[in-house]
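Commentary on secondary and tertiary structure
What follows is the residue order along each chain.
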Amino acid sequence: MRNLFPVLTVVVSIIAIWYVAAVWMNAQWTRDQAERAGTEVTLSEIIVDTMHQDRPVLPAPHQVVGELWKLTFEKRVTSKQSLIYHSYITLQSTMAGFVLGIVFGVVLAMGIVLSPAMNLTVMPWAIISQTIPVIALAPMIVILTNTVGFENILVPKAIIAAYLSFFPVLVSMVKGLRSPDAMQLDLLKTYGGTKAQVFWKLRLPSSLPYFFASLKIAVAASLVGAIVGELPTGATQGLGARMLIGSQFGTPMMMWTALFAASILAALLIFVVSQVEALLKRRLGAVA
Amino acid sequence: MIWGLYALAFWAVAWAFTSWAAKKHGRSLWAQLSLPILFGVTVLVVWEGFVRALEIPEGILPPPTKIYAAFQASTEILWIDFMQTAVKGALRGLLIGCAAGVLGAVVIDRVDFLRRGLLPVANFFAAMPIVGIAPIMVAWFGFGWESKAAVVVVMVFFPMLVNTLAGLAATDRMQRDLMATYSASHFQTLLKLRLPAAMPFIFNGLKIAVTLALIGAIVAEYFGSPTRGMGFRITTEMGLLRLDFAWAEIAVAALAGSVSYGLIALIERWVTFWHPSQRR
């Protein structure tokens, strides 16, 4: 709460700067219109006009909020214009990729911790996989999944989302599975615990906090993957596809609403994941 | 079919060798270098073998040898695309964005009010899908490299800012008190103590930024680009069903990504030699 006032100040000043920038960037169009009509415009007329242009260079905040409201609550959910509809399409591949990424990350981390051979070979390639721009690979993933028989466009998008989201899970899980210290491992040895028992009763439970910590990053990465995955896959539905269509038809409001819908979706996803995380932690008996 | 058997045999031998070497020499430097390379080679061999054995058409998945041939045959075009996307778009954007992030953090850190207000906001932005600004930047700055650089600037700015701010807070009371007893100015403390101490964090940010930069530059090309650039080339070559060429372009993108990441890691080792994570 101590930070509430500074944060509010920053947010208010961002919005203020945005309004000033909107006037400044949209003014040219207003002046051109006036020149073509052969009339003079005063400064106040420019300011009023820049607030509600149809194709502004930078839409004013209230325009974006109004358009968001209209496309979210005043359209039927099944309508092709509804942002809820497009968010739902993107959310589907985000969640599929998120789950796929978690499974893939956890399985690889288990292999890396249990097998020295995998530790030496897979870990470096997991890092390299993240330095490769996945967007370059995306068209190939579409072709390959099509060939294998997945006609649904959800599959390649989910794979791209999983490609980005498995890495944070993998890194945290490796760290977590290795977090028991020598004392704890020695104790289980004196109990005569087998390797499997050490894994299930010590390593896995002690990795859980690390696992939860990675989920927020993973879900955000998964959403980026799902949006990016819509660009080269020829998708016509989803937030990424909206951005592409808005860009091709030169409709700024479409791009801005898609961007904001994506951000709100990201915030919601992170919020839900952190709530689930807190709930599970409490159930598992973590202290505060 | 025989190619598939060859590939399987190679894979089995590599597997056996790796598990033997990892057990016996897992801690030696040569094993840590050669085994990952062997893994990569095995993937290529299995890929080649299976494409030949199952006679997969080139329009679906070309074998690595074909991709290499395409790479050799068109180094000139690949170089032009590399310059356009990686150097003009990604690298320039990366430099501007990282400089802005670090400078911004130094300024914000000076004013406690700004730090408390901006840090939560910056953290919030850092988690947002910022790639979404790509169409807006293309609309503002046109199809050339400027729009790609602009996307990269915004994408790398927030991770750099957040990491540098965390790094500037990483010195402890004792160290700052020592500087105070030396009667060091704010600037001197910053230069001699806090910025060096922040370096591990700054390099973490740089590592994130360098991978984001290429993604941002290529994504922006999907919203409009001149008739060159990696993203442009991959899409057009795919349309012409020249997949070997598209894969060669992907290989260049992969190389550019991993080599720049490796460079950052090397510089990090050189700059933050004192940090526990760099000790051997």
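What you are looking at is a predicted structure, and each value in this text was computed from that prediction instead of being measured.

**Some words on the overall build of chain B**
Broken down by element type, chain B carries 11 helices and zero strands. Moving toward the C terminus, one meets the helices and strands of chain B in the order α-α-α-α-α-α-α-α-α-α-α. For 280 residues, the compact-globule formula gives about 19 Å, and the C-alpha radius of gyration of chain B, at 23 Å, lies well above that figure. Dimensions of chain B, computed from C-alpha atoms along their principal axes, come out at roughly 75 × 55 × 30 Å. Burial status across chain B gives 46% buried among its 280 residues. Long-range pairs, those at least 24 residues apart, make up 73% of the contacts in chain B between residues at least 6 apart in sequence. Per element, the accessible surface of chain B, about 14400 Å² overall, is 71% carbon and sulfur.

**Considerations on the side chain of Thr145 of chain A**
All names here are of chain A. By secondary structure assignment, the location of Thr145 is in helix α6 (residues 134-148). Residue classification places Thr145 among the buried positions, given a relative accessible area of 8%. A polar contact of 3.0 Å, which involves the side chain of Thr145, links it to the backbone oxygen of Val142. Excluding anything up to four places from it in sequence, Thr145 contacts Phe150, Val155, Pro156 and Ile159.

**Description of the interface of chain A and chain B**
Taken together, the contact pairs 51 residues of chain A with 48 residues of chain B. Buried surface at the junction of chain A and chain B, summed over both partners, amounts to about 4300 Å²; 85% is from carbon and sulfur atoms. For the interface between chain A and chain B, the tally reads zero salt bridges. Applying the counting rule to chain A against chain B returns three residue pairs in polar contact (both at pLDDT 80 or more). In terms of residue count, the dominant contributor to the side of chain A that touches chain B is helix α5 (residues 116-131) of chain A (10 residues). Taken together, the residues that form the side of chain A that touches chain B break down as 42 nonpolar, eight polar and one charged.

**Description of helix α6 (residues 134-141) of chain B**
Listed as buried for α6 of chain B are Ala134, Pro135, Ile136, Met137 and Val138 of chain B. Looking at the buried positions of α6 of chain B, the neighbouring elements they touch are α10 (239-248) and α11 (252-283) of chain A together with α7 (145-168) and α9 (186-221) of chain B. Backbone geometry just downstream of α6 of chain B places Gly142 of chain B in the positive-phi region, at approximately 85°.

**Considering the packing of helix α8 (residues 173-181) of chain B against α9 of chain B**
Residues and elements named next belong to chain B. Contact geometry for α8 and α9: axes closest at 11 Å, N-to-C directions at 135°. Judged on the interaxial angle alone, α9 and α8 are oblique. The way α8 lies across α9 gives a crossing that is right-handed. For the pair α8 and α9, the contacting residues are Gln175, Arg176 and Met179 in the first and Gln188, Thr189, Lys192 and Leu193 in the second. The residue makeup of the contact of α8 with α9, split by class, is two nonpolar, three polar and two charged.

**What about the side chain of Lys207 of chain B?**
Among the secondary structure elements, Lys207 of chain B is positioned in helix α9. Setting aside chain neighbours within four positions, we find Lys207 of chain B in contact with Tyr261, Ile264, Ala265 and Glu268 of chain B.

**Examining the nonpolar core**
Soluble globular proteins tend to pack their nonpolar side chains together in the buried interior. Counting 127 residues, the largest nonpolar core has Leu170 and Phe211 of chain A together with Val219, Phe223 and Trp247 of chain B as its most contacted members. Formed by six residues, the second largest nonpolar core is a distinct cluster that contains Leu120 of chain A together with Ala21, Ala22 and Leu35 of chain B.

**Re the pattern of salt bridges**
All names here are of chain B. Within this structure, the stated rule accounts for 12 salt bridges over all chains. One salt bridge in this structure joins Arg115 and Asp112, with 2.6 Å as the shortest N-O distance. Of the two residues, Arg115 and Asp112 both sit in helix α5 (residues 112-126), three residues apart, roughly one turn of that helix. Owing to a relative accessible area of 38%, Asp112 belongs among the partly exposed residues under this scheme. The shortest N-O distance in the salt bridge between Arg242 and Glu237 comes to 2.7 Å. According to the relative accessible area criterion, Arg242 is partly exposed, its value standing at 42%.

**Digging into the packing of helix α4 (residues 75-110) of chain B against α5 of chain B**
Residues and elements named next belong to chain B. Interhelical geometry of α4 versus α5 gives an angle of 125° and a closest axis separation of 5 Å. One finds that α4 runs oblique with respect to α5. Between α4, through Ile108, Asp109 and Arg110, and α5, the contact on the second element is made entirely by Asp112, Leu114, Arg115 and Leu118. The residue makeup of the contact of α4 with α5, split by class, is three nonpolar, no polar and four charged.

**Describing the packing of aromatic side chains**
The full count for this structure, using the stated rule, is 18 aromatic pairs over all chains. Taken together, a centroid distance of 5.9 Å and an interplanar angle of 40° make the contact between Phe17 of chain B and Trp20 of chain B tilted. A residue pair is termed a helical-turn pair when its members lie 3 or 4 positions apart in one helix, as Phe17 of chain B and Trp20 of chain B do in helix α1 (residues 2-25) at three residues. Here Phe17 of chain B falls in the partly exposed class, since its relative accessible area comes to 35%. Owing to a relative accessible area of 44%, Trp20 of chain B belongs among the partly exposed residues under this scheme. In textbook terms, an aromatic cluster arises when at least three aromatic residues are bridged by ring pairs, as seen for Trp18, Trp256 and Phe260 of chain A together with Trp140 of chain B. For the cation-ring pair, Arg92 of chain B lies above Trp145 of chain B, with the distance from its terminal atom to the ring centre recorded as 4.2 Å.

Reading guide: rules and limits
Residues numbered from 1 in each chain as written. Chains lettered and ligands numbered in written order. Predicted model: local features only at pLDDT ≥ 70, side-chain atom pairs only at ≥ 80, totals over all residues. Heavy atoms only, no water. Helix = DSSP H or I, 4+ residues; strand = E, 2+ residues; numbered from the N terminus. Rg over C-alpha atoms; globule rule 2.2 N^0.38 Å. Buried < 20%, exposed > 50% of the residue type's maximum accessible area, 1.4 Å probe, protein only. Contact = heavy atoms within 4.5 Å. Areas by Shrake-Rupley, 256 points an atom, 1.4 Å probe, with all protein chains shown as cover. Polar contact = N/O pair within 3.5 Å; in protein donor to acceptor, adjacent residues only side chain to side chain. Buried area = accessible area lost by both parts, 1.4 Å probe. Salt bridge = Lys/Arg side-chain N within 4 Å of Asp/Glu carboxyl O. Nonpolar A, V, L, I, M, F, W, Y, C, P; charged D, E, K, R; others polar. Axes fitted to C-alpha atoms, helices over the stretch in contact; angles between N-to-C directions. Parallel < 35°, antiparallel > 145°, perpendicular 65-115°, else oblique. Left-handed = near helix turned anticlockwise from the far one by under 90°. Core = buried A, V, L, I, M, F, W, Y, C linked by side-chain atoms within 4.5 Å. Phe/Tyr/Trp six-rings, centres within 6.5 Å; stacked < 30°, edge-to-face > 60°. Lys NZ or Arg CZ within 6 Å of the ring centre and 35° of its normal.

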